[in-house]
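Coordinate inspection notes
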Amino acid sequence: MADKNAVNTTAAKASEPKKDKKAASGKKKPGFLDKVKGFFAGIAKFFKDTKSELKKVVWPSRKDVKIKTITVIVVVLIAAAVLILLDMAFGGVIHLLIGA
């Protein structure tokens, strides 16, 4: 008996015309102007959030920036000198092996 009710219910649902989900919810598709407004609202939100995050940043002092900049320049110069010496050494060895 339960099987007959299930079959009848399924058959009744299948015979009903299918409803559009958008029409059933009552919402209409957003228009072009709504999309443009949403796009620019998103851009405005991005800049507001960016400004808010930049207020939270702890910026280094001028003295810290100066010390760290000098440190980076010194390390780069030392690395360059080491690479130049290694290039000259390996170049000399290759030159001796080839005999050119």
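Computed from a predicted model, the values in this text were never measured in an experiment.

1. Some words on the overall build of the protein chain
The secondary structure content of the protein chain amounts to four helices and zero strands. Reading the protein chain from its N terminus to its C terminus gives the helix and strand order α-α-α-α. By the burial criterion, 0% of the 100 residues in the protein chain qualify as buried. Accessible surface, the protein chain: about 10,000 Å² in total, of which carbon and sulfur atoms supply 70%.

2. Describing the confidence of the model for the protein chain
Overall, the predicted model of the protein chain reaches an average pLDDT of 83, with 73% of residues at or above 70. Helix H2 (residues 21–25) is the least confidently modelled element of the protein chain, averaging 54 in pLDDT, while helix H4 (residues 62–98) averages 96, the highest of any element.

3. Regarding the packing of aromatic side chains
If you walk through the whole model with that rule in mind, you get two aromatic pairs. Ring centres 5.3 Å apart and planes at 75 degrees place the aromatic pair Phe-39 and Phe-40 in the edge-to-face group. On the accessibility criterion, Phe-39 (52% relative accessible area) is exposed. Judged by centre distance (5.3 Å) and plane angle (75 degrees), the ring pair of Phe-46 and Phe-47 falls under edge-to-face. A relative accessible area of 54% means that Phe-47 is categorised as exposed.

4. Some points on the pattern of salt bridges
Using the criterion set out here, one finds two salt bridges in the structure. Linking Glu-53 and Lys-56 is a salt bridge whose minimum nitrogen-to-oxygen distance equals 3.4 Å. Taken together, the residues span about one helical turn, with Glu-53 and Lys-56 both in helix H3 (residues 32–56) at a distance of three residues. You can call Lys-56 exposed: its relative accessible area is 58%.

5. A few points about a nonpolar patch on the surface
On the surface, a cluster of nonpolar side chains totalling about 670 Å² of accessible area is made up of Ile-70, Val-74, Ile-78, Val-82, Leu-83, Leu-86 and Phe-90. Within the element layout of this structure, Val-74 appears in helix H4. The partly exposed category is assigned to Val-74, whose relative accessible area is 42%.

6. Quick look at H4
It helps to recall that an α-helix has 3.6 residues per turn; residues three or four apart then point in one direction. In this model H4 runs 53 Å from its N-terminal to its C-terminal C-alpha over 37 residues, within 8% of the 54 Å that 1.5 Å per residue would give. Two residues or fewer after H4 comes Gly-99, characterised by a positive phi angle close to 80 degrees.

So, how was this worked out
Residues numbered from 1 in each chain as written. Predicted model: local features only at pLDDT ≥ 70, side-chain atom pairs only at ≥ 80, totals over all residues. Heavy atoms only, no water. Helix = DSSP H or I, 4+ residues; strand = E, 2+ residues; numbered from the N terminus. Buried < 20%, exposed > 50% of the residue type's maximum accessible area, 1.4 Å probe, protein only. Areas by Shrake-Rupley, 256 points an atom, 1.4 Å probe, with all protein chains shown as cover. pLDDT = per-residue confidence, 0-100. Phe/Tyr/Trp six-rings, centres within 6.5 Å; stacked < 30°, edge-to-face > 60°. Salt bridge = Lys/Arg side-chain N within 4 Å of Asp/Glu carboxyl O. Patch = residues over 30% accessible without salt bridge, like charges linked within 9 Å, V, L, I, M, F, W, Y side chains within 5 Å. Expected span 1.5 Å × (residues − 1).

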